[in-house]
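Inside the fold
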Amino acid sequence: MIRYCTTCVMPETKPDLKLDAQGVCNACRSFEARGDIDWEARARELEAVLQRYRSSDGGHWDCIVPVSGGKDSTTQVVRMLEMGMTPLCVTATTCDLSEIGRRNIENLKRLGADHVDFSPNPLVRRKLNRIGLTLVGDISWPEHVGIFTIPVRVAVQFRIPLIVWGENSQNEYGGPAAASSDRVLTRRWLEEFGGLLGLRVSDLVAMEGLQARDLLPYHYPSDEDLRASAVTGLFLGYYLPWDGYANALLAQAYGFTTYQTTIEGSIVNYENLDNHQTGIHDYFKFLKYGFGRATDIACLHVRRGRLTRRDALELVRRHDGTFPGSYLGKPLEQILAPLEMSVEEFVGVCDKFTNRKLFKCDARGALTKDRHGNLVKVNYDNPHD
């Protein structure tokens, strides 16, 4: 029987999640610790860091803000403009950009910032999507790598010393810029936060005919280039009390567009709006670990007192882990077409990565599915006893 956090609805199968003697997960404990943070002092600390990187003569951009056009990156740009910074926004174009995602990128430009949209070779990207999906169970592998590598390459190329990211998923520190020494980014630090899931870029050469020159956008600059450019980074989530829903409200006030309904596999309409492949990415997390996007979001709201645990559990039961027959209204067949993959082949890949300890199988060991192709969790009917 899987154990769940007694405060939120996160299962112990989440990587790096730990339950204490009271059954409370480390993510909930970390959020509780936020109550002891002096946020006014953190804001002053942020101002001091930014002051070091402001251009005194206006001769260069003060910072790079990696942006997808989503609620969080919109908030990042708003905050930097509020604090008198001159940002260069950098978008690593998503794999299957949605119409609403494009509208939100255009809206972000209207906030009053310069913008660079880097679009990696789509023919190479499709091969990487297929490789990522079939080898490590992550169709979004190239996108997640590019989110980190491309802004860093732009920072080195244009000699812009500071990169401003949003939330620190580890929620531990402010990034190299916060350090009293050793403020320069290193490849090791970048690879820790821009995880490669064990699939190194160098491993891809010769796969599906790929050559080293095809993979330039997915390589970090060398440590020598990073040092020469003195590029460093910070996480706004360390300095400001980060809250995705609050960011969504702020972003909407600045023209950000949400989806017309609850997004497939989610319980909200304000995040993961830019890429039609996101539903597949989230579904594979469910296959591997028994929870998906609905659980992630429900836990965030439970910790902030906006959802009861009982209501969160019901929402997770309704929305988590449904087969991704569409995403943002685009049918699965069309999402898979650029990968030259049929739905039947896709289902075979899904079954390959499904953790059979978490889902019911029949007497022959075949996964049990309902008529919609949805799996049945081993402890679905009573998951929190």
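Treat the numbers as computed from the prediction; the structure is a model and nothing was measured.

About the criteria used
- The numbers attached to residues start from 1 for each chain and follow its sequence in the written order.
- In view of the model being predicted, local features appear only for residues whose pLDDT reaches at least 70, and side-chain atom pairs are presented and counted only at 80 or more, with totals across whole chains, interfaces and linings using the full set of residues.
- Side-chain figures throughout are based on the complete set of non-hydrogen atoms in the structure, without hydrogens or water.
- Secondary structure elements follow DSSP: runs of H or I no shorter than four residues count as helices, runs of E no shorter than two count as strands, and numbering proceeds from the N terminus.
- We take the radius of gyration over the C-alpha atoms and set the globule estimate at 2.2 Å times the residue count to the 0.38 power.
- Working definition: with a 1.4 Å probe on protein chains only, accessible area under 20% of the residue-type maximum means buried, over 50% means exposed, and in between means partly exposed.
- Every axis in this analysis is a line fitted to C-alpha atoms, fitted for helices over the stretch in contact. Angles between the N-to-C directions lie between 0 and 180 degrees.
- What sets the label is the angle itself: under 35 degrees gives roughly parallel, over 145 gives roughly antiparallel, 65 to 115 gives roughly perpendicular, and the rest give oblique.
- The contact rule is simple, with two residues in contact once any of their heavy atoms fall within 4.5 Å.
- Charged means Asp, Glu, Lys or Arg here, nonpolar means Ala, Val, Leu, Ile, Met, Phe, Trp, Tyr, Cys or Pro, and polar covers whatever is left, Gly included.
- Two aromatic rings, drawn from Phe, Tyr or Trp (for Trp, its six-membered ring), form a pair once their centres lie within 6.5 Å of each other, and the interplanar angle then sorts them: stacked below 30 degrees, edge-to-face above 60, tilted otherwise.
- To sit over a ring, a charge needs its Lys NZ or Arg CZ within 6 Å of the ring centre and within 35 degrees of the ring normal.
- Residues enter a nonpolar core if they are buried and are Ala, Val, Leu, Ile, Met, Phe, Trp, Tyr or Cys, with the set joined through side-chain atoms within 4.5 Å.
- Every definition here rests on a 1 Å grid over the protein atoms only: cavities are sets of points where a 1.4 Å probe fits but cannot get out, pockets are open sets enclosed by protein on both sides within 12 Å along at least five of seven lines, and lining residues have some atom within 4 Å of a point.
- Grid points are joined across faces, edges and corners, and a volume is the space filled by probe spheres set on the points.
- We call a pair of cysteine sulfur atoms a disulfide when they lie within 2.5 Å.
- Strands are labelled as partners when DSSP assigns at least two bridges between them.
- Should the near helix be turned anticlockwise from the far one by less than a right angle, the crossing is termed left-handed; should it be turned clockwise, right-handed.
- By the criterion applied in these results, polar contacts are pairs of N or O atoms within 3.5 Å in which, for protein atoms, one can donate a hydrogen and the other can accept it, and in which residues neighboring in sequence qualify only through two side-chain atoms.
- Note on handedness: a clockwise path from strand one over the helix to strand two, with the strands aimed away from the viewer, defines a right-handed crossover.

1. Some remarks on the overall build of the chain
Counting its secondary structure elements, the chain contains 15 helices and seven strands. Its C-alpha atoms give the chain a radius of gyration of 21 Å, near enough to 21 Å, the size a compact globule of 385 residues would have. C-alpha atoms of the chain, sized along the principal axes, occupy 70 × 50 × 40 Å. Across the 385 residues in the chain, those meeting the buried criterion constitute 50%.

2. Brief notes about unusual backbone geometry
Positive phi values are uncommon outside glycine, yet asparagine 272 reaches one of about 55°. For asparagine 272, the position within the fold is in the loop between helix H10 (244-253) and helix H11 (278-289). Using a relative accessible area of 24% as the deciding quantity, one classes asparagine 272 as partly exposed. You will see that leucine 328, though not glycine, has its phi angle at about 50°, which is positive. Since its relative accessible area comes to 9%, leucine 328 is described here as buried.

3. Things to note about the packing of helix H5 (residues 122-136) against helix H15 (residues 343-353)
One way to put it is that H5 packs onto H15 with a least axis distance of 8 Å and a crossing angle of 40°. The angle between H5 and H15 falls in the class oblique. Along the contact surface, H5 presents Arg130, Leu133, Thr134, Leu135 and Val136, while H15 presents Glu345, Phe346, Val349, Lys352 and Phe353. For the contact of H5 with H15, the residue count by class is six nonpolar, one polar and three charged.

4. What about the packing of aromatic side chains?
A complete count under the given rule lists 13 aromatic pairs for this structure. An angle of 85° between the planes, with centres 5.9 Å apart, marks the rings of tryptophan 61 and phenylalanine 158 as edge-to-face. Placement of the pair is tryptophan 61 in the loop between helix H2 (39-53) and strand E1 (63-66) and phenylalanine 158 in helix H6 (residues 141-158), with a sequence separation of 97 residues. On the basis of relative accessible area, phenylalanine 158 is assigned to the partly exposed category, the value being 43%. Every member of this aromatic cluster is reached through a ring pair, and the members are Tyr283, Phe284, Phe286, Phe323, Phe346, Phe353 and Phe359. One residue, arginine 42, lies across the ring of tryptophan 39, its end atom 5.7 Å from the ring centre. In this structure, arginine 42 packs its charged tip against the face of tyrosine 238, placed 3.8 Å from the ring centre.

5. Concerning the nonpolar core
In this structure, Leu133, Ile280, Phe284 and Phe346 are the most contacted members of the largest nonpolar core, which totals 30 residues. Listing elements by their share of this core, those giving two or more residues are H11, helix H14 (332-336) and H15. A per-element tally of this core places H11 first, with five residues. Look past the residues within four positions of phenylalanine 346 in its chain and what remains in contact with it is Leu133, Ile280, Phe284, Phe323, Pro324, Leu332, Leu336 and Met341. Counting 24 residues, the second-largest nonpolar core is a separate cluster that includes Leu50, Val77, Tyr238 and Leu240.

6. A look at empty space enclosed by the protein
The rolling of a water-molecule-sized probe over the atoms marks out the regions of remaining empty space. Summed over all chains, the structure comprises two cavities of 30 Å³ or more. What lines the largest cavity is Tyr283, Leu287, Phe323, Cys350, Asp351, Thr354, Lys369, Gly373 and Leu375. Looking at the lining of the largest cavity, its residues break down into five nonpolar, two polar and two charged.

7. A closer look at the state of the cysteines
Taken as a whole, this structure holds zero disulfides when the rule is applied. Cysteine 299 carries a free sulfur, and the closest cysteine sulfur to it, the one in cysteine 8, is 3.6 Å from it. Here cysteine 361 is not cross-linked by a disulfide; its sulfur's nearest cysteine counterpart is in cysteine 350, at 15 Å.

8. Focus: the pairing of strand E4 (residues 162-165)
Burial along E4 is two-sided: the face carrying Leu162 and Val164 and the face carrying Ile163 and Trp165 are both buried. Two elements, E4 and strand E5 (residues 232-235), share four bridges in a ladder whose sense is parallel. Pairing of isoleucine 163 across the sheet is with glycine 233, part of E5.

9. Side note on the environment of arginine 371
The residue arginine 371 is located in the segment after H15 in this model. Along the sequence, arginine 371 and proline 151 sit 220 residues apart, while their C-alpha atoms lie 44 Å from each other.

10. Brief notes about the packing of helix H3 (residues 71-82) against H10
The interhelical angle for the contact between H3 and H10, taken along N-to-C directions, is 65°, at an axis separation of 8 Å. Accordingly, the angle class assigned to the pair H3 and H10 is roughly perpendicular. In this structure, H3 meets H10 at a crossing whose hand is left-handed. Across the interface between the two elements, Lys71, Asp72, Thr74, Thr75, Val78 and Arg79 from H3 touch Gly244, Asn247, Ala248, Leu250 and Ala251 from H10. Along the lines of polarity and charge, the residues of the contact of H3 with H10 split into four nonpolar, four polar and three charged.

11. As for the side chain of aspartate 243
With respect to the helices and strands, aspartate 243 occurs in the loop between helix H9 (236-239) and H10. A polar side-chain atom of aspartate 243 sits 3.2 Å from the main-chain amide nitrogen of tyrosine 245. Every residue in contact with aspartate 243, bar those within four places of it in the chain, is listed here: Arg304 and Arg306.

12. Points about the pairing of strand E2 (residues 87-92)
Burial analysis of E2 places six of its six residues in the buried class, which makes it a mostly covered element. Here E1 pairs with E2 via four bridges, running parallel. Within E2, the residue paired with cysteine 63 across the bridge is proline 87. With respect to chirality, the unit in which E1 leads through H3 into the neighbouring parallel E2 is right-handed. For E2 and strand E3 (residues 114-118), the ladder comprises five bridges, and the chain directions are parallel. Across the sheet, the residue bridging to leucine 88 is aspartate 114, located in E3.

Limitation: the analysis is restricted to geometry and does not speak to function.
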